[in-house]
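Listed below are the residues making up each chain.
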Amino acid sequence: MATHKVGGEVDAYCTRCKLTLAHTILAIVGTKIARVRCNTCNGDHAYRGAPGTTDRPAPAPRRSSGLSKAEKIIISFEEQLAGKDVANAPRYSPKDTYSVGQVIQHPTFGVGLVTGVRGDKVDLTFRTDTKTLVHGRGGAPSEKPAFSPPVRQVTGPADKPQLAAADAPADEPVGESPANGD
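Calculation notes
- Residues numbered from 1 in each chain as written.
- Predicted model: local features only at pLDDT ≥ 70, side-chain atom pairs only at ≥ 80, totals over all residues.
- Heavy atoms only, no water.
- Pairing = 2+ DSSP bridges.
- Helix = DSSP H or I, 4+ residues; strand = E, 2+ residues; numbered from the N terminus.
- Axes fitted to C-alpha atoms, helices over the stretch in contact; angles between N-to-C directions.
- Phe/Tyr/Trp six-rings, centres within 6.5 Å; stacked < 30°, edge-to-face > 60°.
- Buried < 20%, exposed > 50% of the residue type's maximum accessible area, 1.4 Å probe, protein only.
- Core = buried A, V, L, I, M, F, W, Y, C linked by side-chain atoms within 4.5 Å.
- Contact = heavy atoms within 4.5 Å.
- Salt bridge = Lys/Arg side-chain N within 4 Å of Asp/Glu carboxyl O.
- Disulfide = S-S within 2.5 Å.

Draft legend 1. Layout of the sheet that holds strand β7 (residues 121-125). Across the sheet, four strands lie side by side as β5-β6-β7-β8; this open sheet has antiparallel pairing. In the strand order of this sheet, the two ends are held by β5 (103-106) and β8 (130-134), each with one partner. Adjacent strand axes in the sheet meet at a mean angle of 40°, parallel and antiparallel pairs treated alike. Where β5 meets strand β6 (residues 110-118), four bridges bridge the pair, whose relative direction is antiparallel. Bridged to isoleucine 104 within β6 is glycine 112.

Draft legend 2. Representation of the packing of aromatic side chains in the model. Enumeration according to the criterion identifies two aromatic pairs in this entry. Summarising the aromatic geometry, the rings of tyrosine 92 and tyrosine 98 are spaced 6.0 Å apart at their centres and angled 25° between planes, so their arrangement reads as stacked. Note on accessibility: tyrosine 92 and tyrosine 98 belong to one class, buried. Ring geometry for phenylalanine 109 against phenylalanine 126: centres 5.2 Å apart, planes inclined by 45°, an arrangement best described as tilted. Within this pair, whereas phenylalanine 109 is found in the loop between β5 and β6, its partner phenylalanine 126 is found in the loop between β7 and β8, the two being separated by 17 residues in sequence.

Draft legend 3. Broad picture of the nonpolar core. Formed by Tyr92, Tyr98, Ile104, Val114, Val122, Leu124, Phe126 and Leu133, the largest nonpolar core amounts to eight residues. Every residue in contact with leucine 133, bar those within four places of it in the chain, is listed here: Tyr92, His106, Asp120, Lys121, Val122 and Leu124. By size, the runner-up hydrophobic cluster in this structure holds five residues, among which are Phe77, Leu81, Ala89 and Val103.

Draft legend 4. Quick look at the pattern of salt bridges. According to the stated counting rule, one finds five salt bridges in the structure shown. Its salt-bridge partner being arginine 37, residue aspartate 44 comes within 2.7 Å of it at the nearest N-O pair. For aspartate 120, the salt bridge goes to arginine 137, with nearest N and O atoms at 2.6 Å. In this pair, aspartate 120 sits in the loop between β6 and β7 while arginine 137 sits in the segment after β8, placing the two residues 17 residues apart along the sequence.

Draft legend 5. Spatial organisation of the sheet that holds strand β2 (residues 19-29). Read from one edge of the open sheet, four strands run β1-β2-β3-β4, paired in antiparallel fashion. In this open sheet, the two edge strands, each paired with only one partner strand, are β1 (9-14) and β4 (44-46). With direction set aside, neighbouring strand axes in the sheet form an average angle of 50°. As paired strands, β1 and β2 are joined by six bridges and run antiparallel to one another. Each bridged residue has a counterpart across the sheet, and for valine 10 the counterpart in β2 is histidine 23.

Draft legend 6. Structural view of the pairing of β8. Here five bridges tie β7 to β8, and the two strands are oriented antiparallel to one another. Along β8, the bridge assignment pairs valine 122 with leucine 133. A loop of four residues connects β7 with β8, the two strands running antiparallel in sequence.

Draft legend 7. View of the state of the cysteines. One pass over the full model with this rule turns up zero disulfides. With no disulfide partner, cysteine 14 has as its closest neighbouring cysteine sulfur the one in cysteine 17, 3.6 Å distant. For cysteine 14, a relative accessible area of 0% puts it in the buried group. Left without a disulfide partner, cysteine 38 is nearest to the cysteine sulfur of cysteine 41, which lies 3.7 Å away.

See below:
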């Protein structure tokens, strides 16, 4: 790689001209060019190398050695279910708890195999996909709060004061005037 110095020239991408043109180096930080001035439009900007060039070192070529990485072994869904009692698989319920290796019958996804358990979540592998579902949420049934409707109080016209229930006489019927002996 050529050594560059301030005042020297370098090809760089000009942000104003939108072309790769000759530029004068204005600043260098360490061994990298920091700022340049376009020799065509005299615009100053940060150094941008020509498109397709990079200052990163090229990756070392891979060499194949006699040692190979461990090969991936793919086990089909049917092979995973082999030896399991699929006929007696319990139906999935979020209230039940499950363990790894257990076979489950899901109403939507079909037969599944438990492949992971994390707290109240369980990973189930089905023929086409892996789903994360909840389990162990069965606990004691939560009590619903008792509903008590508000007590309706007798209201009258807003411009007249209302007697409280304690102030009203108990022996006098409401709404009737006292008998005068007519």
